[in-house]
Amino acid sequence: MSKLFYDHLIVLTQVEAEIKKTAETPEEKEELWKLVDEIIHHRVMEKVLDKLPRAHHEDFLTRFHEAPHDESLIGYLTQQVGENVEELIRREIGELAYELIKELRRK
Amino acid sequence: MSGKLPTQTYQDINDTKVPFDYLRNKLKVKHLETKKRFYDKHPHVEEFMAQRSLDLGKIREHSAKVLGAGAMTGSLLFSPVQAVKSLPPPHEIIAKLQTQSLSIPPEVPQETLVDTMTKVLPAKTRPLTREEEKYLERLFESILRVPARATLEGEHLNTTYGLIGAEQHLRRYPGDTISAHGEGTVLKEGMAPGLGAWGYFASSRSALSPQLEETERWYAVVQTLYLPDWNTRQPHLKNWYKYRKVLIVNTKNGQAVVGAISDSGPAAWTGKHFGGSPEVMMHLGGERYKKGQVLIFFVDDPGNKVPLGPVEYNKVGLPESFLFQV
């Protein structure tokens, strides 16, 4: 199973449509999907760690390493950060979607 | 001749389609920038990852391994299977159904199926435990009369319970057009710009057999690209999954279809786990059905006797063998 604790917050429908229009082979499509996927992981982790106090980083990374799929990590982060982390991630994904679409659409 | 001046021919450039190399380069640059910024800000994370031979970019593969190991040892971190334990075994449900069918009005098998699935399944999609899957296999075999298996010949999808999304028609042969795919509302989705994971279904229109035509009509999409062993067990896995029959059941209304796997996807970041052809989606939920919860199990059909398409189990009633069981 390939699942991450923030998967339910990611919906990049327009980016998907752009990729589908462009990729002519399944290999091309999967290559682009993976690039987007990797960008998402780094952006989400950056946002989370920016907000999380440095003293909790090691603990969070250990939990994430042991169970990257575990949605209770959202609850853990919300508690440590003191903000609605689900909303923070959702907003970050929204910004990323905007950036990607802006870059991918040739004027 | 378009009648345009040479200085105006740029207007003919198709601005709706971006070249692949352009898109890939843009994404690669964005990827490198994002990664660099992240590790510049949080260098200790790089160290943490390196100590565990982990790459954040490959975190899905790591997740697949963690979950795979959990499933093997029966220690999945998901909610317990109390719902399955408290339910009667499938043959008792069928017996009840059969008894009721002798009285008037009879309970429709579809209602029983939906009712039972509602009790067994969690509200939110997640990978099911082996126990839950075994229960559903028996339920499907009893009510739908389709030999469905979550694990077939050692193969198992990353999840059997997930969200399905609407896909477009696939090009079956070079020169295929949307108008050749039937008529009516199923044409509204249009044709996918690229090919399915196994390329064209046939080399030409004349080489397209009725069986292949049915395969495209009832095609399903599953995330083979995220299987933990997808890259290491080739070409076996690619051949194994090609046109593999799957039973797709809408868990909300009990509509069921036997489809054939013909493409890989959708991307994990679409929020969906499976895809269905316009015909599959139409049967599962009607014209406006674009996304919904489904169960997908392999069809155990070595003799190729289970036809592709809708499973009309309400019309056929229950198997006679169950009369004896009752």
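Thresholds applied
Residues numbered from 1 in each chain as written. Chains lettered and ligands numbered in written order. Predicted model: local features only at pLDDT ≥ 70, side-chain atom pairs only at ≥ 80, totals over all residues. Helix = DSSP H or I, 4+ residues; strand = E, 2+ residues; numbered from the N terminus. Buried ≥ 20, exposed ≤ 12 C-beta atoms within 10 Å, placed from the backbone. Contact = placed C-beta atoms within 7 Å. Nonpolar A, V, L, I, M, F, W, Y, C, P; charged D, E, K, R; others polar. pLDDT = per-residue confidence, 0-100. Axes fitted to C-alpha atoms, helices over the stretch in contact; angles between N-to-C directions. Parallel < 35°, antiparallel > 145°, perpendicular 65-115°, else oblique. Left-handed = near helix turned anticlockwise from the far one by under 90°. Expected span 1.5 Å × (residues − 1). Arc of directions from axis to C-beta. Core = buried A, V, L, I, M, F, W, Y, C linked by C-beta atoms within 7 Å.

Section: the overall build of chain B
The number of helices and strands found in chain B is twelve helices and ten strands. Residues classed as buried in chain B amount to 36% of the 326 residues present. For chain B, long-range pairs separated by at least 24 residues make up 75% of all intrachain contacts whose partners lie at least 6 apart in sequence.

Concerning the overall build of chain A
Within chain A one finds five helices and zero strands. Taken from N to C terminus, the helices and strands of chain A fall in the order α-α-α-α-α. For chain A, the spread of C-alpha atoms along the principal axes amounts to about 45 × 30 × 20 Å. Buried positions account for 38% of the 107 residues belonging to chain A. Excluding contacts between residues fewer than 6 apart, the proportion of contacts in chain A whose partners are at least 24 apart in sequence is 73%.

Topic: the interface of chain B and chain A
Each partner contributes residues to the interface: chain B has 49 residues there, and chain A has 46 residues. Listing elements by their share of the side of chain B that touches chain A, those giving two or more residues are α1 (20–41), α2 (43–51) and α3 (59–73) of chain B. In terms of residue count, the dominant contributor to the side of chain B that touches chain A is α1 of chain B (13 residues). Each residue belonging to the side of chain B that touches chain A can be placed in one class, and the counts come to 25 nonpolar, 14 polar and ten charged.

Here we look at the confidence of the model for chain B
All names here are of chain B. Averaged over every residue, the pLDDT of chain B is 86; residues scoring 70 or more account for 79%. A low-confidence stretch, residues 102–106 (pLDDT under 50), is modelled with two contacts involving residues beyond four sequence positions or located in other chains. Contacts for the low-pLDDT stretch residues 317–326, under 50 throughout, to residues beyond four places or in other chains number 13 contacts. Scored as a complex, the prediction yields pTM 0.83 and ipTM 0.93.

Considering the packing of helix α2 (residues 26–51) of chain A against α1 of chain B
Between α2 of chain A and α1 of chain B, whose axes approach to 9 Å, the crossing angle comes to 25°. In terms of orientation, α2 of chain A lies roughly parallel with respect to α1 of chain B. Note on packing geometry: the crossing formed by α2 of chain A with α1 of chain B is left-handed. Where α2 of chain A abuts α1 of chain B, its residues Glu28, Glu31, Leu32, Leu35, Val36, Glu38, Ile39, His42, Arg43, Met45 and Glu46 of chain A lie against Phe20, Leu23, Arg24, Leu27, Lys28, Lys30, His31, Thr34, Lys35, Phe38 and Lys41 of chain B.

Concerning helix α6 (residues 109–120) of chain B
Residues and elements named next belong to chain B. Helix length check: α6, at twelve residues, gives a terminal C-alpha distance of 16 Å against a target of 16 Å (1.5 Å per residue), a fit within 8%. Buried residues of α6: Pro109, Leu113, Thr116, Met117 and Val120, and no others. One face of α6 carries all of its buried residues, which in axial projection span an arc of 100°. Across α6 from its buried face, at more than 90 degrees, point the exposed residues Glu111, Thr118 and Lys119.

Focus: the nonpolar core
All names here are of chain B. Ranked by internal contacts, the top residues of the largest apolar core, which has 47 residues, are Phe140, Ala220, Val246, Leu247, Ile248, Ile296 and Phe297. For this core, the secondary structure elements donating two or more residues are α6, α7 (130–144), β4 (161–166), β5 (219–222), β6 (245–250), β7 (256–264), α10 (278–285) and β9 (291–299). Setting aside residues no more than four positions away along its own chain, phenylalanine 297 makes contact with Glu137, Phe140, Ala148, Arg149, Ala150, Thr160, Val246 and Leu247.

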